[in-house]
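Structure assessment
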Amino acid sequence: MQELGDDNISLNVEIIEGCRLPVLRKNQENEDEWPLAEVLSVRDLPRTPLYYVHYIDFNKRLDEWVTPDRLDMKKLQFPKKEARTPPKNGLPGSGPGSPERDVSASAPSRGKTLPAPVYPALRDPSFSSTPREQHQPLAALTTVNIPLNHLTHMWRAWFLLVCGKQKLITFFVSWKNGSTRRLIPPQPGRKRKTCGGTDEDSQDSSDGIPSAPRMTGSLVSDRSHDDIVTRMKNIDCIELGRHRLKPWYFSPYPQELTGLPILYLCEYCLKYLKSLKCLQRHLTKCNLRHPPGNEIYRKGTISFFEIDGRKNKTYSQNLCLLAKCFLDHKTLYYDTDPFLFYVMTEYDSKGFHIVGYFSKEKESTEDYNVACILTLPPYQRRGYGKLLIEFSYELSKVEGKTGTPEKPLSDLGLLSYRSYWTQTILEILMNLKPENGERPQITINEISEITSVKKEDVISTLQYLNLINYYKGQYILTLSEDIVEGHERAMQKRHLRIDSKGLHFTPKDWSKRGKW
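Residues numbered from 1 in each chain as written. Predicted model: local features only at pLDDT ≥ 70, side-chain atom pairs only at ≥ 80, totals over all residues. Heavy atoms only, no water.

This paragraph deals with helix H3 (residues 384-399). If you check H3, its first and last C-alpha atoms are 23 Å apart, about what 16 residues at 1.5 Å a residue would give, namely 22 Å. Taking burial as the measure, the 16 residues of H3 include 12 buried ones, the bulk of the element. Residue Gly400 follows H3 closely and has a positive phi angle near 75°. (Helix = DSSP H or I, 4+ residues; strand = E, 2+ residues; numbered from the N terminus. Expected span 1.5 Å × (residues − 1). Buried < 20%, exposed > 50% of the residue type's maximum accessible area, 1.4 Å probe, protein only.)

Here's what the structure looks like:
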């Protein structure tokens, strides 16, 4: 019971699950804000109750237990049981079972309220200011010759996207001597898809979440299993080697371990234990000092191990349990047979310490080269995420395939992939040089083949960067000075790169079930 006071009125109000009200929290600038939150659970303690709240339109990793003094009771909204949140494309609303309610648009009475956050990385800029139906289909365009002297007053670098029978990107650069050359001529006789096709596999598809997990081993969560239990973090703290981690999301560890103040994990085999004494006893018996499986890459202190989900089932399941603490968009399957796991480690005198990992299906009909990808929190913002992504595409190059990550990506995963795709594509385009008076040309197919990035991801990245514009009846790519300078600054900071010489990997034909 909470007292709701006024000058003339004093009432006892009981906060129940499903109520919504502003809750005090600190933002990134360490300022007070009062975002609207939903109460998911109430814990009655002897001294004071605790409320587990989810901040509406914020990521679930920010959910937390709060004390009554952080609640703004004047804006309390009770659930309306007769109305349910309508599902969107078959998915639950902001909370399963959360009733529909009229949320006041006015700011809470105290403090400062932040509007619902908008993540630019989750949206694509418009392809052009001209309505799409008024555009000429890309497949109908033909090559147009533009004199270089007509381009000198424009941006430093121009790209012309030409889609005839052979989809081309023609790259124009205005140099003082006016010379240009064709860098990569189109290859005759090659069949190419039109770039106006439906982009079902792109991250920028209308929804991006399949209605149900695929039967071939997908780790996409369909949200149908969500309930009040799985919406709440159940582990307070994890000790992994020399790090203590605060989980972001629910993970189905055994229930008897969820009430412990600290869950202990062996950093080599990832076995979970209930006490430090149990961990110390386990370490005297554990012979592993690196992940099981084959070491397929080493450069300096960084190594990658390939782990078969069938041959090392216990380790793979423990890895999935740990990863689920930090991944909300994936579900956990105890059948790890269809998957390969690539674990990145950092070596020191005590052994190989896990930094992150990604998994992939042994057979993917959708050209997915990553199912789940995670950099553990202590190693985030240090370049390891891009290193994992780069390694996944390096494997695709060896396999002779183009690949794309399984959708949907988390917000942090999408930011990492967007950054990697941007740097990789711009790196290729920036290296194109005019020579011998001919225009340098490169096709989207060739960008995809060089990088192993799927064509849909190449196109969506160009659209996201707002490089593609409609100009005088043609689609052109405009590379401004800001983009060039920003790319150069980003590449100077990117110190960790994959060296293909350190990779010792032989792809297998998993279509033969005997290899499973």
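One open sheet holds the 4 strands; their spatial order is E3-E6-E7-E8, and the pairing between them is antiparallel. The strands lining the two open edges of the sheet, one partner per strand, are strand E3 (20-22) and strand E8 (64-66). The mean inter-strand angle of the sheet, taken between neighbouring strand axes irrespective of direction, is 50°. Inspection of the sheet shows strand E6 (residues 36-43) paired to strand E7 (residues 50-55) by 6 bridges, in the antiparallel sense. Paired with Ala37 across the bridge in E7 is Tyr55. (Pairing = 2+ DSSP bridges. Axes fitted to C-alpha atoms, helices over the stretch in contact; angles between N-to-C directions.)

On to the UniProt feature "active site" (unreviewed entry) in the protein chain. Per the UniProt entry, the sites bearing "active site" (unreviewed entry) are Glu406 in this numbering. Here Glu406 is to be found in the loop between strand E21 (404-405) and helix H4 (411-430). According to the relative accessible area criterion, Glu406 is buried, its value standing at 1%. (UniProt positions renumbered as here; feature names shortened; annotations may be inferred.)

Next up on the list: the sheet that holds strand E12 (residues 243-245). Across the sheet, which stays open at both edges, the 4 strands sit in the order E12-E11-E13-E14 with mixed pairing between neighbours. Because the sheet does not close on itself, it has two edges, and the strands there are E12 and strand E14 (272-273). In terms of strand pairing, strand E11 (residues 238-240) meets strand E13 (residues 263-265) through 3 bridges, oriented parallel. Bridge pairing in E13 places Ile238 opposite Leu263.

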